[in-house]
Amino acid sequence: MQIIADREALKFKFGFERFKEFKYFFILLGIMLLGMLFGVMSAKGINPAVDTVIENWFKSFLNFRQTSGFGNLFFNLFLSSFLYFFLISFSSFGISGLIAVPIIICLRGFGVSLIAGILYRNYSLVGIAFADLIILPFCIANCILMLYLSAQGMELSVLFCNSIRDVSAKGIVIKPKILMLLKKILLCILCSAVISLAEATFTSCFIKYFNF
């Protein structure tokens, strides 16, 4: 019995240590899910005037995807993702990341679920198929990258915050963390480029089958 209890204690300790290691990721994941929840709720009871604006935006968005060439489509998809990565990265190099990064993540989750919710509500099965095939898989993949980068950025922001609180800052080493974050920023941007390439390919192949 004692051996079993010791094993359970070790498992709990190991799980707690793993949570501490990825705590910023899980915190930001919770914030993104909260934003998604607000997005879904907003899609259900959205103001008619706002609904009209979003509807017009979606039609222009759809027209752009239908009429753009592959290269132009890929560039715009990548640029939209790159802006998020830029904002997250820029905010992380200072204490502003403690506030800005969670807000960016929350807004990202809100926007994705709001658009998906409106598609589901307004276009029924066609909207579901369009969201599930062309929009959501690549949005989710980019969201995972953003969460990963944001968690790393939050760690750096915390280091900056600690260095400011401790004027001497003798025990706080920031430079290696900055270099590591720069490498991860580059990696995330490259992965996002691959995701954008896949999204442009799927869009070019399947968007002709959708008529809203």
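Conventions we followed
- Residues numbered from 1 in each chain as written.
- Predicted model: local features only at pLDDT ≥ 70, side-chain atom pairs only at ≥ 80, totals over all residues.
- Heavy atoms only, no water.
- Core = buried A, V, L, I, M, F, W, Y, C linked by side-chain atoms within 4.5 Å.
- Buried < 20%, exposed > 50% of the residue type's maximum accessible area, 1.4 Å probe, protein only.
- Helix = DSSP H or I, 4+ residues; strand = E, 2+ residues; numbered from the N terminus.
- Phe/Tyr/Trp six-rings, centres within 6.5 Å; stacked < 30°, edge-to-face > 60°.
- Lys NZ or Arg CZ within 6 Å of the ring centre and 35° of its normal.

Caption draft 1: Structural detail: the nonpolar core. Counting residues in each nonpolar core, the largest one holds 38 residues, and the members touching the most others are Ile-105 and Phe-130. Among the elements that take part in this core, helix H5 (residues 97-165) stands out by supplying 22 residues, more than any other. Counting residues in each nonpolar core, the second largest holds five residues, with Ala-43, Ile-46, Ile-54 and Ile-118 among its members.

Caption draft 2: Region of the structure containing the packing of aromatic side chains. As enumerated under the stated definition, the model contains six aromatic pairs in all. Ring centres 6.0 Å apart and planes at 40 degrees place the aromatic pair Phe-78 and Phe-82 in the tilted group. Taken together, the residues span about one helical turn, with Phe-78 and Phe-82 both in helix H4 (residues 70-92) at a distance of four residues. Between Phe-138 and Phe-202 the ring centres are 5.5 Å apart and the planes differ by 65 degrees, which places this aromatic pair in the edge-to-face class. Taken together, the residues span a long stretch of sequence, with Phe-138 in helix H5 and Phe-202 in helix H6 (residues 175-206) at a distance of 64 residues. Residue Phe-138 is classed as buried on the basis of its relative accessible area, which comes to 9%. In this structure Phe-202 comes out as partly exposed when scored by relative accessible area, which is 35%. Through pairs of rings, three or more aromatic residues link up here, namely Phe-74, Phe-78 and Phe-82. The aromatic ring of Tyr-84 is capped on one face by Arg-108, whose charged end is 4.8 Å from the ring centroid.

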